[in-house]
Amino acid sequence: MKNTAVKIATILLMITLLFGCLDGRELSELEIVVGIGIDSADDPDSIKLTAQVVNVSQLGLSGSGGDPDSKPYWNAATTGTTIFEAIRQITYKTGNRLFVPHCEVVIYSKDVAKQGLYKHLDFFLRAIEMRLTSFILIAEGKAGEVLDAKPQTEELPAVNIYNLVKSYGFTSHLYDVTLKEFSSRLISEATAPVAPLIKVVQEGENKDVQVMGLAVFKEDKMIDELNMDETRGLLWVINEVKSGVLIVPTPEESGVAVFEIETAKGKVKPEITDDGKIIMHIDIKLQANLSEQTTAEKLARPEIFEKLQDNMSEVVVQEIMSAYEKSSKTGSDIFGFGDMIHKKYNKKWHEQLEEDWEEIYKTIEFDIKVDSKITKTNLLKNPVTQKLGG
């Protein structure tokens, strides 16, 4: 919580430097927005916009004598036919101009995403003050409710969501998609946009949030979802696996071995054969540490390592293929294979592939090579169960 207070204090200093010699009156006329949610409204031609505004006077006072009924934020909500109109409408409630350069997350409800995001995205890409590094997410329920789920360890829900998405990136079960990344995929000739999914979960008397996989889009409309394993299948291919855990069966299949991913690199080379087949050659290099085992087998042996490395490679291939099989059902090129082919075979792309790429994508063949290496066993060479006589 102290870190958040320090961060907001830094923001206030940056605002002052950005606008030059601001006096206290001018600074007090700005409402710092850290998160925005967009939901459907009762009027089908309108949207409901929720802006999470920092209550600077209450920041850092939670549990330290501050007003227990006051929050370090408040969610100002209103409706409008466009994002810009709704934001201007909020100023009638706040009395001050919304300041969005420090907006961490933009969250759309799933029903809005299924209707299409083109008309609800333009403002964020066009506004000079808006950061294109803000994360975009899709809410399972209402986006406004996600912004009101108060975590136990962070004062501002929007900042908590931002930190959660970043931390999940290191498990490699989530792809932290920025407004810039989403819009780049949206304007691509072939690559399908994706965005993390988030939902509110009830934990006792408290509400928290959970991220769980990716929403898949066809153009600007959400049409499908990837689970966590399918999400990592995508990340292997686009070279976005940063860390995480791999669980593989042991050679005798009496338990599992748990590996921590140390490094991972992915490369893709497209090939169009003489008979017109499209083959994606995928090369994954993986290094991992043995972190845990649930069996009494002696795994720290060269001949066993070789089998475990094969098992790791098999898991990677399965995750890649599961992601492809899910996306091929809708013809959604989540990997960006079409753009790779366009770059290497420009003439063939325009003459033979571009127009029917959605169907051609479903016929792609794969040559996947995974080079898995176990680099460490950490401190134990033999399992604890063996040492205990188990």
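Just so you know, these numbers come straight off a predicted model, no measurement behind them.

**Thoughts on the overall build of the protein**
- Within the protein one finds 14 helices and 13 strands.
- Long-range pairs, those at least 24 residues apart, make up 69% of the contacts in the protein with a sequence separation of at least 6.
- For the protein, the exposed surface amounts to about 19300 Å²; the carbon and sulfur share of it is 50%.

**Notes on helix H7 (residues 157-169)**
- In this model, H7 (13 residues) spans 18 Å end to end at C-alpha, consistent with the 18 Å of a helix rising 1.5 Å per residue.
- Buried within H7 we find Pro157, Ala158, Val159, Asn160, Ile161, Tyr162, Leu164, Val165 and Gly169.

**Looking at the packing of aromatic side chains**
- All chains considered together, the criterion is met by eleven aromatic pairs.
- Centre to centre, the rings of Phe182 and Phe217 are 5.2 Å apart; their planes meet at 85°, and the pair counts as edge-to-face. With a gap of 35 residues between them, Phe182 in helix H8 (residues 179-186) and Phe217 in strand S8 (residues 206-218) connect regions that are remote in the sequence.
- Judged by relative accessible area, Phe217 falls into the buried class, the value being 1%.
- Taken together, the ring pairs connect Tyr324, Phe335, Phe337, Trp349, Trp357, Tyr361 and Phe366 into an aromatic cluster.

**Some thoughts on the layout of surface pockets**
- Of the pockets and cavities examined, the largest pocket occupies roughly 300 Å³.
- For the lining of the largest pocket, the secondary-structure elements that each account for two or more residues are H8, S8 and helix H13 (357-360).

**So, the packing of helix H9 (residues 228-237) against helix H10 (residues 302-328)**
- One way to put it is that H9 packs onto H10 with a least axis distance of 7 Å and a crossing angle of 105°. In this view, H9 runs roughly perpendicular relative to H10, as classed from their interaxial angle. Seen from H9, the contacting residues are Asp229, Glu230, Arg232, Gly233, Leu234, Trp236 and Val237; seen from H10, they are Val316, Glu319, Ile320, Ser322, Ala323 and Lys326.
- Among the residues making up the contact of H9 with H10, the classes are represented as six nonpolar, two polar and five charged.

**Focus: the pattern of salt bridges**
- Following the criterion strictly, the structure yields 17 salt bridges and no others.
- With a closest N to O distance of 3.9 Å, Lys373 and Asp371 form a salt bridge.
- You can call Lys373 partly exposed: its relative accessible area is 40%.
- In the salt-bridge network here, residues are joined through shared partners; they are Lys110, Glu140 and Glu225.

**Details of helix H5 (residues 118-126)**
- Buried within H5 we find His120, Leu121, Phe123 and Phe124. The buried residues of H5 all sit within an arc of 150° when viewed along its axis, so they share a single face. Exposed side of H5, more than 90 degrees from the buried face: Lys119 and Arg126 are the residues found there.

**Examining the sheet that holds strand S10 (residues 245-249)**
- Across the sheet, four strands lie side by side as S10-S11-S12-S13; this open sheet has mixed pairing. Both edges of this open sheet fall to S10 and strand S13 (365-376), since each of them pairs with a single strand only. Neighbouring strand axes in the sheet, compared pairwise and without regard to direction, differ in orientation by 40° on average.
- Pairing between strand S11 (residues 256-272) and strand S12 (residues 278-293): 15 bridges, direction antiparallel. The residue of S12 that forms the bridge with Val268 is Ile282.
- Its contacts with the sheet place H9 against S10, S11 and S12, and it is angled at close to 55° to S11.

**Topic: unusual backbone geometry**
- Phi is positive for Ser172, close to 60°, though the residue is something other than glycine.
- Positionally, Ser172 belongs in the loop between H7 and H8.
- Phi is positive for Glu219, close to 55°, though the residue is something other than glycine.
- Among the secondary structure elements, Glu219 is positioned in the loop between S8 and strand S9 (221-226).
- Its relative accessible area of 56% is what places Glu219 among the exposed residues.

**A short note on the environment of Leu125**
- Relative to the helices and strands, Leu125 is located in helix H5.
- The spatial distance from the C-alpha of Leu125 to the C-alpha of Leu179 is 7.6 Å, given a sequence separation of 54 residues.

**So, the confidence of the model for the protein**
- A residue-level look at the protein finds 86% of positions with pLDDT of 70 or above and a mean pLDDT of 86.
- Low pLDDT (under 50) marks residues 11-25, which in the prediction has 18 contacts with non-local residues, meaning those over four places away or in another chain.

**Topic: a negative patch on the surface**
- Judged by side-chain charge, Glu189, Glu354, Glu355 and Asp356 come together as a negatively charged surface patch.
- Along the chain, the position of Asp356 falls in the loop between helix H12 (346-353) and H13.
- Relative accessible area serves as the criterion here: at 45%, Asp356 is assigned to the partly exposed category.

Reading the values: the criteria
Residues numbered from 1 in each chain as written. Predicted model: local features only at pLDDT ≥ 70, side-chain atom pairs only at ≥ 80, totals over all residues. Heavy atoms only, no water. Helix = DSSP H or I, 4+ residues; strand = E, 2+ residues; numbered from the N terminus. Contact = heavy atoms within 4.5 Å. Areas by Shrake-Rupley, 256 points an atom, 1.4 Å probe, with all protein chains shown as cover. Expected span 1.5 Å × (residues − 1). Buried < 20%, exposed > 50% of the residue type's maximum accessible area, 1.4 Å probe, protein only. Phe/Tyr/Trp six-rings, centres within 6.5 Å; stacked < 30°, edge-to-face > 60°. 1 Å grid on protein atoms, 1.4 Å probe; cavity = no way out; pocket = protein on both sides within 12 Å on 5 of 7 lines; lining within 4 Å. Points joined across faces, edges and corners; volume = space filled by probe spheres on them. Axes fitted to C-alpha atoms, helices over the stretch in contact; angles between N-to-C directions. Parallel < 35°, antiparallel > 145°, perpendicular 65-115°, else oblique. Nonpolar A, V, L, I, M, F, W, Y, C, P; charged D, E, K, R; others polar. Salt bridge = Lys/Arg side-chain N within 4 Å of Asp/Glu carboxyl O. Arc of directions from axis to C-beta. Pairing = 2+ DSSP bridges. pLDDT = per-residue confidence, 0-100. Patch = residues over 30% accessible without salt bridge, like charges linked within 9 Å, V, L, I, M, F, W, Y side chains within 5 Å. Lys, Arg positive; Asp, Glu negative; His and termini not counted. Charge placed at Lys NZ, Arg CZ, Asp CG, Glu CD.

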